[in-house]
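In case you want the letters, here they are:
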Amino acid sequence: SENVLPRGAAYVQDFAQHWAATYANADAMINQLLDELDESSLAKNTVVVFTSDHGLHAGERDHVYKDTLWRLTTRVPLVIVVPSGASASMPAGAKRGVRSDPVSLLDLFPTVLQALDAESAAATLDRGLAG
């Protein structure tokens, strides 16, 4: 059928190259945004949250699209930056590092509330990542 996309090795390689270029561009734009933030007076009290969906396979196992439950497709990027002193409930800022335990984007809202010192709202949800 003319609606079926080719999935040969050349197609997957081309797809992966386009995917990598897209992410390189997104990375450059995020870095530009963070650089502008750092140069402003807002950096010391701005909570930054970055997340995304799990995207597409980028040629892993010669596969593209979002139609598997492989480990790679069940994970999303999640970055939360709380500057030191920006939050009374997190006075040292957000702990840097990678969590080894699974978290959910359902944890995001109460975590942001906690970072913004909206404790009563966060406490009712009891799911913040900072504890």
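So, a few notes on the structure that sits alongside this text.

The rules we used
- The written sequence of each chain sets the order in which its residues are numbered from 1.
- The model is predicted, so local features are restricted to residues of pLDDT at least 70 and side-chain atom pairs to those at 80 or more, both for listing and for counting; the totals for chains, interfaces and linings are taken over all residues.
- Note that water and hydrogens are dropped before the side-chain values are worked out from all heavy atoms of the structure.
- Each patch groups residues whose relative accessible area exceeds 30% and which form no salt bridge, using 9 Å between like charges and 5 Å between nonpolar side chains of Val, Leu, Ile, Met, Phe, Trp and Tyr.
- For every accessible area listed, the method is Shrake-Rupley and the probe measures 1.4 Å; residues are considered covered only by the protein chains on display.
- In what follows, salt bridge is the name for a side-chain nitrogen of Lys or Arg lying within 4 Å of a carboxyl oxygen of Asp or Glu.
- Only runs of H or I of at least four residues qualify as helices and only runs of E of at least two qualify as strands under DSSP, and these elements are numbered from the N terminus.
- Per-residue accessibility, obtained with a 1.4 Å probe over protein chains only, is compared with the maximum for each type, and a residue is labelled buried under 20%, exposed over 50%, and partly exposed between these values.
- When charges are counted, neither His nor the chain ends are considered; positive counts come from Lys and Arg and negative counts from Asp and Glu.
- Note on charges: their place is set at NZ of Lys, CZ of Arg, CG of Asp or CD of Glu.
- When the centres of two rings from Phe, Tyr and Trp lie within 6.5 Å, Trp using its six-membered ring, the rings pair. Their planes under 30 degrees apart give stacked, over 60 give edge-to-face, and anything left gives tilted.

Moving on, we get to a nonpolar patch on the surface. On the surface, Phe50, Val79 and Val81 cluster together to form a nonpolar patch covering roughly 220 Å² of accessible area. On the secondary structure map, Val79 appears in strand 4 (residues 78-81). Judged by relative accessible area, Val79 falls into the partly exposed class, the value being 41%.

A contiguous patch of negative charge, built from Asp35, Glu36, Asp38 and Glu39, is present on the exposed surface. Among the structural elements, Glu36 can be located in helix 1 (residues 9-39). For Glu36, a relative accessible area of 49% puts it in the partly exposed group.

Now for the packing of aromatic side chains. Scanning the model with the defined rule gives one aromatic pair in all. Taken together, a centroid distance of 4.6 Å and an interplanar angle of 40 degrees make the contact between Trp19 and Tyr23 tilted. Remark: Tyr23 and Trp19 occur in helix 1; sequence separation between them is four residues, near one turn of the helix. For Trp19, a relative accessible area of 30% puts it in the partly exposed group. We classify Tyr23 as partly exposed; its relative accessible area is 38%.

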